[in-house]
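Overview (structure and organization)
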Amino acid sequence: MTDTKPASSALSAKPMSVRIGYGAAGIGNLYEAVPEAVADATLEEAYAAGIRYFDTAPLYGSGLSEIRVGRFLRQVPRDSFLLSTKVGRYFVPPYGEAFKGTGYFAPLPLKPVIDYGYDATFRSLEQSFARLGVSRIDILYIHDIDRRNQGEAFDLNYRTAVEGCYRALDELRRAGQVGAIGIGVNESEVASSFIRDADLDIVMLAGRYSLLDQEALADFLPEASKRNVDVVAVGVFNSGILAKGARPGAKFDYGDAPAEIIEQTLKLNAVCDAFGIPIQAAAVQFAFGHPAVKSVVLGMAKPERIRQNLAWFETPIPAAFWQRLKSDGLLGADVPTPA
């Protein structure tokens, strides 16, 4: 495999607005059960507000998110939006068997099967097409192939994903059946390894490039730039602490926020207050400082969240603010910041 390839067209060459993407985990009932009418209204509001990149996955509500996203997107012109979903899981009837839940409220009553093999990839994709009801999917990600999600099975599943799932997606890309292929992971080290082992167009990275965590800057982001791999940043609020504030019960990286993270957030808040900038605006805009980051996908499960997140994205932030964060030691001197 060569070290570099032509510039990716996954997101960077799209004429539509994809800087802010819509993440559909919430309407798959991630944190609470979302009524059908609210899910429909949220998607309608996102599209009306100009969002043109929609991301979903079979995991989200065991297919519920894909059903809801597809139901809405079938009402608008197909060439007016980008759609991504993920592979690595498919679903089967439980036939009375009890199985561990997926962490979603009231998911579809189907049993998940995690499988990164070649044949399973096509099975996963065929189920996604059936739920979405669209003629094409623009971006396909291999989902959750990282140590956090795979545990002791990581080494085996990683190799299976490279030899099976990636091979299937590469064939689809070569045949023109999908525009771009990539992975969606929580760990920058895994992302770095995968883009060395496979010719990817795009990586969706969760939580590892934010105001509170720049782990990806040490390894993955330089490698992505070298290989012309587009990056989609997700989890920029780090499980909520940068959205809801450093308060009792604040969450960071899917768990309770440790004391040092709470202290760091309070210091960031103080600088934001001094400049009259919502910390949420800084969190949304920060990742765009790195040239490899082409989009930030935000999860939004209520219509009012759409305009609020877009307002944070559009909030003017002066260069002096970012410089203050560096001078106060809240960002490293070499961390790129938005122009």
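Residues numbered from 1 in each chain as written. Predicted model: local features only at pLDDT ≥ 70, side-chain atom pairs only at ≥ 80, totals over all residues. Heavy atoms only, no water.

1. Regarding the overall build of the protein
Of regular secondary structure, the protein possesses 12 helices and 12 strands. Structurally, the protein occupies a C-alpha span of about 55 × 50 × 40 Å along its principal axes. The buried share of the protein, taken over its 339 residues, is 55%. Accessible surface, the protein as shown: approximately 14200 Å² in total, 53% of it carbon and sulfur. (Helix = DSSP H or I, 4+ residues; strand = E, 2+ residues; numbered from the N terminus. Buried < 20%, exposed > 50% of the residue type's maximum accessible area, 1.4 Å probe, protein only. Areas by Shrake-Rupley, 256 points an atom, 1.4 Å probe, with all protein chains shown as cover.)

2. Observations concerning the pattern of salt bridges
Throughout the structure, instances matching the rule amount to 28 salt bridges. For Arg 208, the salt bridge goes to Asp 213, with nearest N and O atoms at 2.9 Å. The partner of Asp 256 in a salt bridge is Lys 251, and the shortest N-O contact between them spans 2.4 Å. We classify Asp 256 as exposed; its relative accessible area is 58%. Judged by its relative accessible area of 38%, Lys 251 is partly exposed. Each of the salt bridges in this network shares a partner with another, and the network as a whole consists of Arg 148, Arg 208, Asp 213, Glu 215 and Asp 253. (Salt bridge = Lys/Arg side-chain N within 4 Å of Asp/Glu carboxyl O.)

3. As for the pairing of strand β7 (residues 178–185)
For β7, the tally of buried residues reaches seven of eight residues, placing the bulk of the element in the interior. Alignment of strand β6 (residues 137–143) against β7, held across six bridges, turns out to be parallel. Among the inter-strand pairings, Tyr 141 is bridged to a residue of β7, identified as Gly 182. Of the strand pairs in this sheet, β7 and strand β8 (residues 202–206) are connected by four bridges, and their pairing is parallel. Counterpart to Val 185 in the pairing with β8 is Leu 205. (Pairing = 2+ DSSP bridges.)

4. Quick notes on empty space enclosed by the protein
Going through the model one piece at a time under the given rule, you end up with one cavity of 30 Å³ or more. Reported here for the largest cavity is a volume of approximately 40 Å³. Lining the largest cavity are Leu 205, Gly 207, Arg 208, Tyr 209, Leu 221, Val 231, Ala 233, Val 234 and Val 293. In terms of residue count, the dominant contributor to the lining of the largest cavity is strand β9 (residues 230–234) (three residues). Classifying every residue of the lining of the largest cavity by side-chain character gives seven nonpolar, one polar and one charged. (1 Å grid on protein atoms, 1.4 Å probe; cavity = no way out; pocket = protein on both sides within 12 Å on 5 of 7 lines; lining within 4 Å. Points joined across faces, edges and corners; volume = space filled by probe spheres on them. Nonpolar A, V, L, I, M, F, W, Y, C, P; charged D, E, K, R; others polar.)

5. What to know about the sheet that holds β9
As summarised here, the arrangement of the eight strands in space is β1-β2-β3-β6-β7-β8-β9-β12, forming a closed barrel in which the pairing is parallel. Within the sheet, the average angular offset between the axes of one strand and its neighbour, ignoring direction, is 25 degrees. (Axes fitted to C-alpha atoms, helices over the stretch in contact; angles between N-to-C directions.)

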